[in-house]
Amino acid sequence: MSAAIAEKLYSPEEYLALERAAEYKSEYVDGRIYAMTGASRAHGLIAYNIAGELRNQLRDRPCEAYIADMRVKPAKARSYRYPDIAVVCGPAEFEDRQGDALLNPTVLIEILSPANDRGPKFAEYQRIESLREYLLVAQDEPRIERYARRDEGWLLTVAEGLETQVALDAIGCVLDLCEVYRKALEEPPMP
């Protein structure tokens, strides 16, 4: 996320009207609109790889996965966010008939950027009652932090190395880090 587009404060309704007509994506946090920045090669490959793995594993199940363009509205937060990947199992619930602001994700996945602000976004996501797992995926090394909701709070487990896996118990999927990071850690080809 980059700096706020303007100092004017917008209502959620104003933001949605602007966002739905915009040619680029922006997030909304406490009345401010933030332009989204472009993704790196590694970021794009990792998102593509995770989405492919999830597609194969969720194919015949009552789940839907969305990549990058599905807005998520955290409950009780004055924000709209664009996670890199959102998965919902069971009927998807949306803020309105536009069907572009998901209310009940089961799993959210963020691919970390160098300027990542982990705290505020995760704090908002924790307010989503349906959310069971949250992944933070590193771009520069094979490492995934998995936060799983438990009765006593959020439990963190970390998978490191290409030979490891991350089990997504809430949706019955497994991510092999060797597949998640396929081609993403290689040097980009030179012209």
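Every value quoted in this text rests on a predicted model; they were computed, and no experiment measured them.

Peer 1: Would you mind going over the sheet that holds strand 2 (residues 32–35) with me for this structure?
Peer 2: The strands that make up a sheet pair up through hydrogen bonds in the backbone, lying either parallel or antiparallel. The strand order across the open sheet built from 3 strands is 2-1-5, with neighbouring strands paired in antiparallel fashion. Of all strands in the sheet, those bounded by a partner on one side alone are strand 2 and strand 5 (79–80). Here strand 1 (residues 26–29) runs beside strand 5; their pairing, made up of 2 bridges, is antiparallel. Paired with Y28 across the two strands is Y80, which belongs to strand 5. Against the sheet, helix 1 (residues 12–21) engages strand 1, strand 2 and strand 5, with an angle of about 180 degrees to strand 1.

Peer 1: Which parts of the structure should I look at to understand the nonpolar core?
Peer 2: Here is a general trend for soluble globular proteins: nonpolar side chains tend to be buried in one another's company. Residues I50, L54 and V137 are the most contacted members of the largest nonpolar core, which totals 26 residues. Counting residues per element, the ones that place at least two in this core are helix 2 (41–58), strand 6 (85–89), strand 8 (107–111), strand 9 (133–137), strand 12 (165–168), strand 13 (173–176) and helix 4 (177–180). When residues in this core are grouped by element, the largest group, 6 residues, is from helix 2. Those residues in contact with V137 that lie beyond four places of it in its chain are I46, I50, I109, E110, I111, L112, R143, I144, V180 and Y181. Judged by nonpolar contacts, the second largest core, of 15 residues, contains M70, A86, V88 and L102.

Peer 1: Even after reading the chapter, I still don't get the pattern of salt bridges, so can you show me in this structure?
Peer 2: Where charged atoms from two side chains of opposite charge come close, those side chains can pair. In the structure shown here, the tally under the stated rule is 15 salt bridges. Salt-bridge contacts for R71 lead to E19; the nearest nitrogen and oxygen are separated by 3.9 Å. With a gap of 52 residues between them, R71 in strand 4 (residues 71–72) and E19 in helix 1 connect regions that are remote in the sequence. With respect to class, R71 is no different from E19; both count as buried. The partner of D100 in a salt bridge is R71, and the shortest N-O contact between them spans 2.6 Å. Taken together, the residues D100 in the loop between strand 6 and strand 7 (101–102) and R71 in strand 4 connect sequence positions 29 residues apart.

Peer 1: What exactly am I supposed to notice about helix 2 here?
Peer 2: Since the α-helix turns once every 3.6 residues, residues separated by three or four places project in the same direction. Over its 18 residues, helix 2 extends 26 Å from the first C-alpha to the last, a length consistent with the 26 Å expected when each residue adds 1.5 Å. When helix 2 is considered as a whole, its buried residues turn out to be A42, H43, I46, A47, N49, I50, A51, E53, L54 and L58.

Peer 1: Would you mind showing me how to read the state of the cysteines here?
Peer 2: Each disulfide is one covalent bond, formed between the sulfur atoms of two cysteines. Per the counting criterion, the structure on display carries 1 disulfide. Across the disulfide from C63 sits C89; the S-S distance is 2.1 Å. Across the S-S bond linking C63 and C89, the dihedral sits near 105 degrees, which makes this disulfide right-handed. Of the two residues, C63 is situated in strand 3 (residues 63–67) and C89 in strand 6; the sequence distance between them amounts to 26 residues. Given a relative accessible area of 26%, C89 falls into the partly exposed group. Residue C173 stays outside any disulfide, its sulfur separated by 7.1 Å from that of C63, the closest cysteine. Here C178 stays unpaired: no disulfide links it, and the sulfur of C173, its closest cysteine neighbor, is 16 Å away.

Calculation criteria
Residues numbered from 1 in each chain as written. Predicted model: local features only at pLDDT ≥ 70, side-chain atom pairs only at ≥ 80, totals over all residues. Heavy atoms only, no water. Pairing = 2+ DSSP bridges. Helix = DSSP H or I, 4+ residues; strand = E, 2+ residues; numbered from the N terminus. Contact = heavy atoms within 4.5 Å. Axes fitted to C-alpha atoms, helices over the stretch in contact; angles between N-to-C directions. Core = buried A, V, L, I, M, F, W, Y, C linked by side-chain atoms within 4.5 Å. Buried < 20%, exposed > 50% of the residue type's maximum accessible area, 1.4 Å probe, protein only. Salt bridge = Lys/Arg side-chain N within 4 Å of Asp/Glu carboxyl O. Expected span 1.5 Å × (residues − 1). Disulfide = S-S within 2.5 Å.

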